[in-house]
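Close look at the chain arrangement
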Amino acid sequence: MCMECYVNENRITPLLNPLDCLANHTQYICGTCGRCICIEHDPKRGLQRWNFPFKSLEIAKLYLRTADYSMKKPCGIYEIKSENRRLSYKIFADSEDVQFYLKKNKGKTCETMKPIFIVEEYKEYANTKIRKLTSDEIQKYMSER
Ligand SMILES: [Zn+2]
Ligand SMILES: [Zn+2]
């Protein structure tokens, strides 16, 4: 597992429309393994990809580093159950944010109110880059997938 971005598949992201994401969105470029993680703010709501729910814990883990980096601390992945009993996985900076979210989203619950995944300690790394890729870098990255 990459100690910086917590994932061992170093070219797995972006998951959806990778070319579009790499070309148009600011990326967290892992200084350790080179993995690119979308860290773009949605222009309408100011949210980043990690603010949205994920279908599985594994997918949420792919984005956890961008949450930790943005909040400058270890964020938690929480299991959220919706009214129709479907589970989703959402990253929150702390349990107060979870409570706020549940208050605003009636019908959603979090059984344990504890993260199912969180890293022990937040660290910064010297070679991390936050920027858009050049077209040469995009080509190279895609060829390595
Ligand atoms: Zn993106
Ligand atoms: Zn990495």
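This text gives an overview of the structure that appears in the document. (Residues numbered from 1 in each chain as written. Chains lettered and ligands numbered in written order. Predicted model: local features only at pLDDT ≥ 70, side-chain atom pairs only at ≥ 80, totals over all residues. Heavy atoms only, no water.)

1. A few points about the overall build of the protein
Stated formally: A run of H or I in DSSP counts as a helix once it spans at least four residues, and a run of E counts as a strand once it spans at least two, with each numbered from the N terminus. When we talk radius of gyration, it's over C-alpha atoms, and the globule rule is simply 2.2 Å times the number of residues to the 0.38. Residue burial is assigned from relative accessible area. The probe radius is 1.4 Å, only protein chains are included, and a residue is buried under 20% of its type maximum, exposed over 50%, and partly exposed in between. Accessibility throughout is a Shrake-Rupley quantity obtained with a 1.4 Å probe, and a residue counts as covered only by protein chains that appear here. In this count, Lys and Arg are taken as positive residues and Asp and Glu as negative ones, while His and the chain termini are left out. Where a charge lies is defined by one atom per residue type: Lys uses NZ, Arg uses CZ, Asp uses CG and Glu uses CD.
Helix and strand content of the protein: four helices and five strands. Along its sequence from the N terminus, the protein presents helices and strands in the succession α-β-β-α-β-β-α-β-α. Computed over its C-alpha atoms, the radius of gyration of the protein comes to 16 Å, within 12% of the 15 Å expected for a compact globule of 145 residues. Oriented by its inertia axes, the alpha-carbon framework of the protein measures out at about 45 × 30 × 25 Å. Looking at the 145 residues of the protein, the share that counts as buried comes to 40%. Summed over its atoms, the accessible surface of the protein is roughly 8700 Å², and 50% of this surface lies on carbon and sulfur atoms. Of the charged side chains in the protein, 25 are positive and 19 negative, and the gap between their average positions amounts to 4 Å.

2. Describing the coordination of the zinc ion (ligand 1)
The cut-off we apply is this: Note that water is not among the atoms considered, so a metal site may appear incomplete; the donors listed are N, O and S atoms within 2.8 Å of the metal, with 3.2 Å applied to Na, K and Ca.
At this site the zinc ion (ligand 1) is bound by C21 (SG), H25 (ND1) and C38 (SG), with donor distances of 2.0 to 2.3 Å. Mapping the donors of the zinc ion (ligand 1) onto the primary sequence yields the spacing C-x3-H-x12-C. A residue pair is termed long-range when its members are at least 10 positions apart, and C21 in helix 1 (residues 18-24) and C38 in strand 2 (residues 36-38) qualify at 17 residues.

3. Focus: the coordination of the zinc ion (ligand 2)
The coordination sphere of the zinc ion (ligand 2), as far as protein atoms go, consists of C2 (SG), C5 (SG), C30 (SG) and C33 (SG), spread over 2.3 Å. In the primary sequence, the donor residues of the zinc ion (ligand 2) line up as C-x2-C-x24-C-x2-C. Of this pair, C2 sits in the segment before helix 1 while C30 sits in the loop between strand 1 (27-29) and strand 2; the two residues are 28 residues apart in sequence, bridging distant segments of the chain. As far as burial versus exposure is concerned, C2 and C30 are alike and both buried.

4. Considerations on the side chain of K90
Worth spelling out the cut-off: A carboxyl oxygen of Asp or Glu within 4 Å of a side-chain nitrogen of Lys or Arg is what we treat as a salt bridge. Residues adjacent in sequence count toward polar contacts only when both atoms are side-chain atoms; beyond that, a polar contact is any pair of N or O atoms within 3.5 Å, and within protein one must be able to donate a hydrogen and the other to accept it. Residues count as neighbours in contact if any of their non-hydrogen atoms are within 4.5 Å of one another.
Tracing the sequence through the fold places K90 in strand 4 (residues 87-92). Of the side chains bearing the opposite charge, D97 lies closest to the buried K90, which forms no salt bridge; the N-O distance is 8.8 Å. A distance of 2.6 Å separates a polar side-chain atom of K90 from the backbone oxygen of N51. K90 has contacts with N51, F52, P53, G76, I77, Y78, I80 and Y101, leaving out every residue within four places of it along the chain.

5. So, the nonpolar core
Generally speaking, soluble globular proteins have nonpolar side chains that are buried together. Just so we agree on the cut-off: Grouping buried Ala, Val, Leu, Ile, Met, Phe, Trp, Tyr and Cys residues that are joined through side-chain atoms within 4.5 Å yields what is termed a nonpolar core.
With 22 residues, the main nonpolar core has Y63 and I91 as its most contacted residues. Secondary-structure elements contributing two or more residues to this core are helix 2 (57-71) and strand 4. Top element by residues in this core is helix 2. It accounts for five residues. Excluding residues that lie within four positions of it along the chain, I91 makes contacts with W50, F54, A60, Y63, L64, A67, C75, G76 and I77. Of all hydrophobic cores here, the second largest spans seven residues; its members include I80, F92, Y101 and L102.

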